[in-house]
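What the coordinates show
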Amino acid sequence: MTSAPDNGIFDPHQSSLLEGTLPAAGPASLFIDGQWVPARDGGTRRICNPADGSFVGEVSEAGEDDTRRAIAAARRAFEEGEWRNTPARQRGDVLLEVARAIRENAEEFAAAESADTGKRLAESRMDMSDIADSFEYFGTLAGHHAGRVVDAGDPTVASRVVAEPIGVCALITPWNYPLLQVAWKVAPCLAAGNAFVLKQAELTPHTAMMLMNVLHSAGVPAGVANLITGAGADCATPLSTSPEVDMVSFTGGLVTGRLIARNAAEGIKRVALELGGKNPNVIFADANYPAALDNALNAAFLHSGQVCSAGSRLIVEESIAKKFTADLVRRASQIKLGGPTDEAAETGSVISAAHRDKIADYVDRARQQGATIATGGRRATAGDNEGPHSTGATDLSAGQFYLPTVITNCDRSMDCVHAEAFGPTVTVETFTDEAEAIAIANDTSYGLAGAVWTEDAGKGERVAGALRHGTVWINDFHPYLPQAEWGGMKQSGNGRELGPTGLAEYQEHKHIYRNLNPAVTGWFAE
Ligand code: NAD
């Protein structure tokens, strides 16, 4: 029996964008071949808001059988060719229409995103704008990357390289920025003319479901866009093992990424992996102090640190480290926590009790290895409703809140400076010169993002050039542009999302060589 939502911001049954998706009798949240269908075995999952435990909705829990149905639908749609044979500029126009619909319905999308994730509504609203920007970017790019003419150095030869879609793409996404991660994959995948099966993270299904109806209304043909909701280990294996899938694009954790890459290697599928990060934030003594301090908080604690590029490893020049750390601890211990509609809140809950426990384990290990927990280091309790983290409007003991945590007295031998917590934590290390700062910042198996703060332009450029990370900010943290490539070096993944390379990921590049003057070669005797 489906109960009524009590999360106060989003009701899937009242959503104009989910019409037909959730019949009163039970959920049918798998979008396969242009139809909303339930899981074959009737499996369902209750989605609850982690900020207060309130009920959001009940969705279908797919099994492998459902995933195979979705792959078959995508294969048929790709082979029939309606979408891939649509001129690229028209495909782009469909994506521009999707961007328009997302902007028009941004409030409903944002409410659904906050209900699933516990994220503050203000942040979800910003996400929706970024998501529409991504569709707009790839919608505009679609018609401009058809290929290129090649100078063969011979006037009797016409040579060109054409961009073609790869085929059926499996798109697997995480829960931290649910629709944004989806947009970064779906927009270029469709712009290139592919068909796809999207496996959205099981905890955050609603905005991906809404997007399917938007794609359908904008003119994406049946079977080209398919959605599976369910736990990865139970339903997703065919996405990396089926011979009917040509490419897997995955964003998520290192362990899952490794498994997917291993499975995909068997069939020589193209694989794009966007994995975790342990991102250095290097502060030189000559930095703009107030900006560096403020951004260090933002880098570590935005969205409770559940950001792949979070600046969770602070590396501060020795001469200012004592003051900088004290100021950081003072500010972190006052960060206001709260639910999606708590307007005084500065950050929200973490995604689940299980995830909160993982963060607690990470902090306990740091403690055991000799680091100091200068502030935070525990889940919020009822006592915190009276303390400095409270706005007075959210019961911090009712949701999955973890206190902003600063870990000091760290050294490079400790796990806490190498492992990704994916929560509201930051470690502090110190350095004495530029070479040491670079060495510490590169001493990680990850390579997603990093930042350097200095008023010396030359030093900023030198350090940015030396960092082995896919994005480097100088005197900033977090901004990204749809026009600029995003992705990781080393164990943060391979391939790139966004930018022209983000489109090329979803294309095959075929060389067509035409001889205008065919002749006998005479190589073999007659
Ligand atoms: P996760 O790896 O547990 O899950 C990601 C997705 O994979 C989910 O949809 C999940 O259901 C699915 N999955 C799980 N097991 C699977 C399997 N056996 N086969 C196929 N799919 C499976 O990661 P998470 O906890 O959801 O996300 C957090 C991680 O994602 C962090 O490490 C974070 O750094 C990373 N991340 C990276 C980026 C980036 O751009 N590099 C962006 C966001 C998140």
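Being a predicted model, the structure only gives us computed values, none of them experimental. (Residues numbered from 1 in each chain as written. Predicted model: local features only at pLDDT ≥ 70, side-chain atom pairs only at ≥ 80, totals over all residues. Heavy atoms only, no water.)

So, the overall build of the protein chain
Selection criterion: Only DSSP runs of H or I covering at least 4 residues are called helices, and only runs of E covering at least 2 are called strands; the numbering of each starts at the N terminus. Radius of gyration means the value over C-alpha atoms here, while the globule rule gives 2.2 Å times the residue count to the 0.38 power. Relative accessible area decides the class of each residue, using a 1.4 Å probe on protein chains only: under 20% of the type maximum gives buried, over 50% gives exposed, and in between gives partly exposed. Note on contacts: a residue pair qualifies if any of its non-hydrogen atoms lie within 4.5 Å across the two residues. Here the Shrake-Rupley method, with its probe set to 1.4 Å, supplies the accessible areas, and only the displayed protein chains count as covering residues. When charges are counted, neither His nor the chain ends are considered; positive counts come from Lys and Arg and negative counts from Asp and Glu. Here the site of a charge means NZ on Lys, CZ on Arg, CG on Asp, or CD on Glu.
Looking only at helices and strands, the protein chain has 15 helices and 20 strands in total. Taking 24 Å as the expected radius of gyration for a compact globule of 526 residues, we find that the protein chain reaches 24 Å, a close match to that expectation. For the protein chain, the spread of C-alpha atoms along the principal axes amounts to about 85 × 60 × 40 Å. Buried residues in the protein chain amount to 57% of all 526 residues. Once local pairs closer than 6 in sequence are excluded, the contacts in the protein chain between residues at least 24 apart make up 74%. Approximately 20,800 Å² of the protein chain is accessible, and the part contributed by carbon and sulfur atoms is 51%. Distance between charge centres in the protein chain, computed from 44 positive and 66 negative side chains, equals 3 Å.

Comments concerning the sheet that holds strand E14 (residues 372-375)
Our working definition: Two strands are counted as paired when DSSP detects at least two bridges linking them. Angles here are taken between N-to-C directions and fall from 0 to 180 degrees, while the axes themselves are lines fitted to C-alpha atoms, restricted in helices to the stretch in contact.
Spatially, seven strands are ordered E14-E15-E16-E13-E12-E17-E18 in an open sheet, and the strand pairing comes out mixed. Since the sheet does not close on itself, it has two edges, and those belong to E14 and strand E18 (471-474), each with one partner. Across the sheet, the mean angle separating the axes of adjacent strands is 25° when strand polarity is ignored. In the sheet, E14 pairs with strand E15 (residues 405-408) via three bridges, with the strands oriented antiparallel. In the sheet register, Ile 373 faces E15, and the bridge partner there is Ile 407. On top of the sheet, helix H12 (residues 353-368) reaches E14, E15 and strand E16 (425-431); it is set at about 35° to E16, its chief contact. Along the sheet, helix H13 (residues 434-442) makes contact with strand E12 (280-283), strand E13 (313-317) and E16, crossing E16 at roughly 145°.

Notes on the UniProt feature "active site" (unreviewed entry) in the protein chain
Worth spelling out the cut-off: UniProt positions are given in the numbering used here, feature names are shortened, and annotations may be inferred rather than shown by experiment.
Taking the numbering used here, the UniProt-annotated feature "active site" (unreviewed entry) corresponds to Glu 274. Following the sequence through the fold, Glu 274 ends up in strand E11 (residues 270-274). Not counting chain neighbours up to four residues away, the residues in contact with Glu 274 comprise Phe 250, Thr 251, Gly 252, Trp 486, Gly 487, Gly 488, Ser 492, Gly 495, Arg 496 and Glu 497.

Quick word on the sheet that holds strand E5 (residues 147-150)
Each strand in a sheet pairs with another by means of backbone hydrogen bonds, the pair being arranged parallel or else antiparallel. In spatial order, the strands read E5-E6-E20; together these three strands make up an open sheet with antiparallel pairing. Edge positions in the sheet fall to E5 and strand E20 (507-515), since each of these pairs with one other strand and no more. Across this sheet, the average inter-strand angle for adjacent strands is 15°, counted without regard to direction. Both E5 and strand E6 (residues 157-165) contribute to a ladder of four bridges, which runs antiparallel. Within the sheet, the bridge partner assigned to Gly 147 lies in E6 and is Val 162.

Looking at the packing of helix H3 (residues 106-117) against helix H6 (residues 206-218)
Stated formally: Here is the rule for angles: anything less than 35 degrees is roughly parallel, anything more than 145 is roughly antiparallel, 65 through 115 is roughly perpendicular, and the remaining ranges are oblique.
Remark: H3 packs on H6, axes separated minimally by 8 Å, with the N-to-C direction vectors making an angle of 150°. Between H3 and H6, the angle is such that the two are roughly antiparallel. Across the interface between the two elements, Glu 108, Phe 109, Ala 112, Glu 113 and Asp 116 of H3 pack against His 206, Thr 207, Met 210, Leu 211 and Val 214 of H6.

Thoughts on helix H5 (residues 178-191)
Quick reminder of the rule: By this rule, a helix spans an expected 1.5 Å times one less than how many residues it contains.
With 14 residues, H5 should reach 20 Å at 1.5 Å per residue; the first-to-last C-alpha distance of 20 Å fits that figure. Extensive coverage of H5 is indicated by the burial of 14 of its 14 residues. One or two positions beyond H5, positive phi appears at Gly 193, with a value near 100°.

Re the UniProt feature "domain: Aldehyde dehydrogenase" (unreviewed entry) in the protein chain
Under the present numbering, the feature "domain: Aldehyde dehydrogenase" (unreviewed entry) in UniProt falls on residues 36-512. Taken as a whole, residues 36-512 contains 39% helix and 19% strand, while its terminal C-alpha atoms sit 41 Å from one another.

A look at the site of the ligand
Here is the rule we go by: For each residue, the test is whether any non-hydrogen atom lies within 4 Å of the molecule or strand; if one does, the residue is near. Here a polar contact is taken to be a pair of N or O atoms separated by no more than 3.5 Å, where protein atoms must pair a possible hydrogen donor with a possible acceptor and residues adjacent in sequence count only if both atoms sit in side chains.
The environment of the ligand is made up of 28 residues, and the closest members are Lys 199, Glu 202, Thr 256, Leu 275 and Glu 420. Side-chain polar atom of Trp 175 to an oxygen atom of the ligand: 3.0 Å apart, as the coordinates give it. Contacts to the ligand include Trp 486, whose side-chain N or O atom sits 3.1 Å from an oxygen atom. Protein chains shield 88% of the accessible area of the ligand, which is 850 Å² for the free molecule. Mapped by element, the contributors of at least two residues to the shell around the ligand are strand E8 (195-200), helix H7 (232-235), strand E10 (247-251) and helix H9 (254-266).

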